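Results of the structural survey
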Amino acid sequence: DFLFEKTEIIHGKKPFETLPGSYEEKNQVDTLKVTLKDVQYDLILELNYYVFEEHDVISRAAKLINTSEMPISMERLMSMQMDFESTDWTLSTFHGAWAREMKRQDLPVSNCKIVNESYCGCSSNRSNPFMMLSKKETSEDYGDCYGFNLIYSGNHYEAVEVGAYGKMRVVTGINPRSFQFHLEPGESFETPEAVMSYSSHGFNGMSQNMHRFIRECIVRGMWKKKARPVLLNSWEACYFNINEHKLLKLAKAGKAAGVELFVMDDGWFGNRDNDTKGLGDWYPNLKKLPQGLAGIAKKINALGLDFGIWVEPEMVNVDSDLYREHPEWVMDIPGKPHSESRNQRILDFANPEVVEYMTEQMSNVFSSANIAYVKWDMNRIFSDYYSKYLPPMRQKEVAHRYMMGLYQMLNTLNERFPKILFEGCASGGNRFDLGMLCYFSQIWASDDSDAIYRVGGQTGYSYGYPMSTVTAHVSDCPNHQTLRNTPMYTRFNVAAFGVLGYECNIAEMSREDVKSIQEQITLYKKWRDVLQFGQFYRGRCGDNIYEWTCVSEDGKRA
């Protein structure tokens with residue numbers, strides 16, 4: 001029975017101890033701290049409200065402190081609760097699956113409970129943690145719109161419920177399904193930070209609040225406001241079949257077309273000739289790269305290009321040196337068959353030893369060559385929730401402890417390598433969320449690069465996320481995911497509104513197509529600052545007509 005004890009207004013915002021959170025460089029944020037106490041069980045609950053007046057955003061987090069002399073087990077603690085007097089609202093959520101992320105779904109709120117959740121160990125492509133509430137008459141530019149999001153990359157839970165007295169309640173936080181956290185006397189638990197915004201200027205008004213907040217208060221580091229380079233990725237041109245000669249040939253063609261960054265994707269390390277082996281062995285394959293990462297990076301740099309690599313540090317193949325040395329480091333249930341996905345298992349980041357080991361492995365890789373960019377992938381969801389590091393009574397802590405371990409690793413690597421442009425990826429958009437954006441300046445929005453899908457998918461992302469965080473590539477046709485053929489200019493028109501890249505074999509394209517790419521990149525560089533960091537507006541979107549507009553910060557270019 002938590003009762004009011006005191007309130008404080010504090011200038012500034014204190015960082016979280018275990019999770020990422022928002023921040024304000026100019027320190028123009030105020031914190032309202034409300035302290036509640038349960039005298040029966042001697043527990044303290046702190047409710048923290050962070051007011052970002054410049055961005056029309058209020059965020060919210062809770063902290064539970066066990067001040068008793070007994071251990072407790074916490075089974076549910078939301079980050080945010082908001083009550084509405086009326087119920088005539090429409091809830092918009094964003095759903096999908098691999099290669100078909102962020103499809104908007106509108107549901108009128110009625111006398112029921114609507115739940116938007118993830119239970120696959122990541123924020124998921126199935127149900128993004130971002131959602132909106134709007135009136136029936138709300139349009140892109142007019143009407144009431146509330147936006148909600150969660151700075152968290154794991155199992156999340158959002159619910160809208162109309163109660164017996166005709167009021168509507170909204171909550172968001174960690175998914176309570178199979179969740180429990182043990183707190184000894186004196187220990188505390190932090191919830192993820194929930195983000196809330198409101199606009200009377202429709203969906204565009206709310207979106208622009210969120211975009212501004214994310215650009216200024218979530219994304220950080222050297223790349224926060226720096227123009228992102230046009231890249232060429234080797235994946236769809238080579239897949240696993242890479243070698244130095246083939247990569248240099250592709251990079252030379254990319255440089256001639258105007259590309260600025262060449263990215264060597266999967267297949268460069270260990271015994272990695274396909275997706276059944278090698279994952280976890282983070283040393284260069286000298287048959288493919290005779291002079292290692294430093295050698296290929298030097299040759300790419302000599303062409304006038306920056307050099308980037310692909311990694312998947314959270315995963316391991318059974319056919320790997322790492323697994324053979326440390327089978328106890330993976331998440332699987334002892335004595336039970338494991339449910340494999342993409343022939344790989346998840347490393348136990350609830351175990352601090354695993355986090356420390358992989359942090360050093362990645363540090364060794366990133367410092368071994370002149371690496372300017374890292375694509376950080378994660379290609380499966382969680383199934384066998386079990387940590388051999390934790391005792392039986394703490395197994396329901398696994399999913400959240402994994403996220404805390406991952407965040408710790410990402411924070412360390414960002415501090416050690418501040419100049420690297422980190423891009424997040426999880427089978428595309430399986431972990432596109434504010435938690436990841438605290439460490440990755442941009443995220444690969446979908447493995448589906450087909451322009452016809454992407455125009456809808458990128459519209460979905462635009463409701464909650466700025467275009468500077470959405471990476472989009474022009475790829476070959478027939479498209480490798482959908483087999484659809486679309487004109488080169490259509491592929492570029494769609495990809496140009498995100499962070500532009502190319503995922504195709506430019507070295508074997510026709511002269512006409514190469515010339516088109518040269519013209520596209522020239523045009524993009526002219527408008528890059530507006531497209532990446534301008535104010536984004538949606539016009540008509542749907543029925544095969546999509547209208548997007550980007551306007552420069554000073555309002556002089558569009």
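You'll find the structure just up there.
The numbering scheme is per chain: residues are counted from 1 as the chain's sequence reads. Confidence filtering applies because this is a predicted model: local features only for residues at pLDDT of at least 70, side-chain atom pairs given and counted only at 80 or more, and all residues used for totals across whole chains, interfaces and linings. Values shown for side chains rest on all heavy atoms present in the structure; no hydrogens or waters enter the calculation.

Attention shifts here to the overall build of the chain. Scanning the chain for helices and strands turns up 11 helices and 28 strands. Values of the radius of gyration come from C-alpha atoms, whereas the globule rule sets the reference at 2.2 Å times the count of residues to the power 0.38. Its C-alpha atoms give the chain a radius of gyration of 24 Å, near enough to 24 Å, the size a compact globule of 558 residues would have. Principal-axis analysis of the C-alpha atoms places the extent of the chain at approximately 75 × 55 × 40 Å. Per-residue burial over the chain gives 60% buried out of 558 residues. In this analysis, two residues are considered to be in contact whenever any of their non-hydrogen atoms come within 4.5 Å of each other. The contacts of the chain with a sequence gap of at least 6 include a subset with a gap of at least 24, amounting to 72%. Here, Shrake-Rupley sampling with a 1.4 Å probe gives the accessible areas, and only protein chains in the shown set may cover a residue. Counting only carbon and sulfur atoms, one obtains 50% of the accessible surface of the chain, whose full area is about 22600 Å². Charge-centre separation for the chain: the mean point of 61 positive side chains lies 5 Å from the mean point of 73 negative side chains. Each helix is a run of DSSP H or I of at least 4 residues and each strand a run of E of at least 2, with the numbering of both proceeding from the N terminus. Working definition: with a 1.4 Å probe on protein chains only, accessible area under 20% of the residue-type maximum means buried, over 50% means exposed, and in between means partly exposed. Think of it this way: Lys and Arg go in the positive column, Asp and Glu in the negative one, and His and the chain ends go nowhere. Note on charges: their place is set at NZ of Lys, CZ of Arg, CG of Asp or CD of Glu.

To continue, consider the state of the cysteines. Two cysteines, two sulfur atoms, one covalent bond between them: this is a disulfide. What counts as a disulfide here is a pair of cysteine sulfur atoms lying within 2.5 Å. This model, assessed by the stated rule, comprises zero disulfides. In this structure Cys112 is not part of a disulfide, and its nearest cysteine sulfur, from Cys145, lies 19 Å away. Judged by its relative accessible area of 33%, Cys112 falls in the partly exposed class. In this model Cys217 remains outside any disulfide bridge; the closest cysteine sulfur is found in Cys438, 11 Å from its own. For Cys217, a relative accessible area of 0% corresponds to the buried category.

Looking now at the packing of aromatic side chains. By convention here, two paired aromatic rings are described through the distance between centres and the angle between planes. Aromatic rings from Phe, Tyr and Trp, with only the six-membered ring used for Trp, were paired whenever their centres fell within 6.5 Å, and each pair was classed as stacked if the ring planes differed by under 30 degrees, edge-to-face if by over 60, and tilted otherwise. As enumerated under the stated definition, the model contains 33 aromatic pairs in all. Here the aromatic rings of Phe366 and Phe417 are separated by 5.6 Å at their centres, their planes lie at 85°, and the arrangement is edge-to-face. Placement of the pair is Phe366 in helix H6 (residues 352–367) and Phe417 in the loop between helix H7 (398–416) and strand S23 (421–424), with a sequence separation of 51 residues. Each member of the pair, Phe366 as well as Phe417, carries the same accessibility label: buried. Taken together through their ring pairs, the aromatic side chains of Phe94, Phe130, Phe203, Phe432, Tyr461, Tyr463 and Tyr465 make up a single cluster. Should the NZ of a Lys or the CZ of an Arg lie within 6 Å of a ring centre and within 35 degrees of the ring normal, that charge is described as sitting over the ring. The lysine or arginine in question, Arg104, covers the ring of Phe203, its NZ or CZ lying 4.6 Å from the ring centre.

Take H7 next. Given 3.6 residues per turn, any residue in an α-helix points the same way as the ones three and four places further on. A helix is expected to span 1.5 Å for every residue after the first. The terminal C-alpha atoms of H7 lie 27 Å apart, and with 19 residues this matches the ideal 27 Å at 1.5 Å per residue to within 8%. Taken residue by residue, H7 has Val398, Ala399, His400, Tyr402, Met403, Met404, Gly405, Leu406, Tyr407, Met409, Leu410 and Leu413 as its buried positions.

So, on to a negative patch on the surface. Among the surface-exposed residues, Asp30, Glu53, Glu54 and Asp56 lie close enough to one another that they form a single negatively charged patch. Within the secondary structure, Glu54 sits in the loop between strand S3 (43–52) and strand S4 (57–66). Judged by its relative accessible area of 44%, Glu54 falls in the partly exposed class. The patch calculation keeps residues exceeding 30% relative accessible area without a salt bridge and links them within 9 Å when they carry like charges or within 5 Å when they are nonpolar (Val, Leu, Ile, Met, Phe, Trp, Tyr). For this document, the term salt bridge refers to a Lys or Arg side-chain nitrogen within 4 Å of an Asp or Glu carboxyl oxygen.

Here we take up the environment of Asn411. With respect to the helices and strands, the residue Asn411 is situated in helix H7. For the pair Asn411 and Pro20, spaced 391 residues apart in sequence, the C-alpha to C-alpha distance is 8.7 Å.

Moving residue by residue along a regular strand, the side chains alternate between the two faces of the sheet. Along strand S18 (residues 261–264), one buried face is formed by Leu261 and Val263 and the opposite face, lined by Phe262 and Met264, is buried too. The pairing of strand S17 (residues 231–233) with S18 spans three bridges and is classified as parallel. Across the sheet, residue Leu231 finds its bridge partner in S18, namely Leu261. For crossovers, right-handed means that the path from the first strand over the helix to the second runs clockwise, given strands pointing away from the viewer. The parallel pair S18 and strand S19 (residues 306–311) is bridged by helix H4 (residues 292–302), and the resulting crossover is right-handed. The pairing criterion is simple: DSSP has to find at least two bridges between the two strands.

Applying the stated criterion across every chain yields a total of 30 salt bridges. Linking Asp42 and Lys37 is a salt bridge whose minimum nitrogen-to-oxygen distance equals 3.9 Å. Exposure remark for Lys37: the relative accessible area of 26% places this residue in the partly exposed category. Arg324 serves as the salt-bridge partner of Asp319, at 3.1 Å between the closest nitrogen and oxygen. Linked by salt bridges that have partners in common, Glu25, Glu216, Lys224 and Lys225 make up one network.

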